[in-house]
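Observations on the three-dimensional arrangement
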Amino acid sequence: ANIVNTTTPIIHNVNTGEQISTQKEQIIIEDLAIEWLKYRQALCKKTEDNPEPISRKTLDGNRNRLKKDILPFLKNEKKIYLSQLTESCIVSLLKNIKSQNAKHKSYVVLNLLFKYAIKEKGFSHNPMVKVDKPPEKIKTGKDDNENYIDPDRQDIWLDLFEKEHKENNNNPNHIHR
């Protein structure tokens, strides 16, 4: 006797003995991701229906997020079907990603993937709605312009630059830039 572990309730048709799923067919995440990327690739072409195509760089970024962060985490967690993704699973996935920018981009990719599943596959639930979108950057409370020389140290740095410049000009092998 095979035991199938699924989250979709099954109803038996009394007349035929056939099993009927109460939800649309189970959607395998990896298959959906491949289909979605093909759809996104079609959006890279400018057409009358698509006057503002997405860039190839955006498509590559979407593919990289899926390949590097999202799919490996879901495989590790043994999440195969889209219906297995809950708010807590997505929060865990985002916490697992180290880079703040990658967290933000992964959130965007997952949200687009769920919207595609709802529109094209008749999927009924988007758990991303209840998950807070991570910011692209975390504010550190420091001055936004961190690339400056402290006024108290400007003379020291200028002296070092002048000394290096003189040494380089006296060197016959130095290439002037």
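Attention in this report is confined to the structure presented alongside it. Values in this document were obtained by computation on a predicted structure and should not be read as measured data.

**Some remarks on the overall build of the protein**
- Within the protein one finds five helices and two strands.
- A buried classification covers 25% of the 177 residues belonging to the protein.

**Some details on a nonpolar patch on the surface**
- On the surface, Ile 149, Ile 156, Trp 157, Leu 158, Leu 160 and Phe 161 cluster together into a nonpolar patch covering about 550 Å² of accessible area.
- By the element assignment, Ile 156 lies in helix α5 (residues 154–170).
- Judged by relative accessible area, Ile 156 falls into the partly exposed class, the value being 43%.

**Quick look at the packing of helix α3 (residues 87–96) against helix α4 (residues 100–121)**
- The interhelical angle for the contact between α3 and α4, taken along N-to-C directions, is 150°, at an axis separation of 9 Å. With respect to each other, α3 and α4 are oriented roughly antiparallel. As α3 packs across α4, the resulting crossing turns out to be right-handed. In this structure, α3 uses Ile 90, Leu 93, Leu 94 and Lys 95 to contact α4, whose residues at the interface are Lys 103, Ser 106, Tyr 107, Leu 110 and Phe 114.

**A few points about the environment of Glu 77**
- Mapped onto the secondary structure, Glu 77 falls in the loop between α2 (56–76) and α3.
- Taking the relative accessible area as the measure of exposure, Glu 77 reaches 40% and is therefore partly exposed.
- Separated by 12 residues in the primary sequence, Glu 77 and Cys 89 have C-alpha atoms spaced 8.9 Å apart.

**Points about the nonpolar core**
- Ranked by size, the top nonpolar core spans 30 residues in total, and within it Leu 66, Leu 74, Leu 82 and Leu 93 carry the most contacts.
- At the level of elements, α1 (29–42), α2, α3 and α4 are the ones that each hand at least two residues to this core.
- Counting residues per element, this core draws most heavily on α4, which supplies eight residues.
- Not counting chain neighbours up to four residues away, the residues in contact with Leu 74 comprise Ile 29, Lys 79, Leu 85, Cys 89 and Leu 93.

Analysis parameters
- Residues numbered from 1 in each chain as written.
- Predicted model: local features only at pLDDT ≥ 70, side-chain atom pairs only at ≥ 80, totals over all residues.
- Heavy atoms only, no water.
- Helix = DSSP H or I, 4+ residues; strand = E, 2+ residues; numbered from the N terminus.
- Buried < 20%, exposed > 50% of the residue type's maximum accessible area, 1.4 Å probe, protein only.
- Patch = residues over 30% accessible without salt bridge, like charges linked within 9 Å, V, L, I, M, F, W, Y side chains within 5 Å.
- Areas by Shrake-Rupley, 256 points an atom, 1.4 Å probe, with all protein chains shown as cover.
- Salt bridge = Lys/Arg side-chain N within 4 Å of Asp/Glu carboxyl O.
- Axes fitted to C-alpha atoms, helices over the stretch in contact; angles between N-to-C directions.
- Parallel < 35°, antiparallel > 145°, perpendicular 65-115°, else oblique.
- Left-handed = near helix turned anticlockwise from the far one by under 90°.
- Contact = heavy atoms within 4.5 Å.
- Core = buried A, V, L, I, M, F, W, Y, C linked by side-chain atoms within 4.5 Å.

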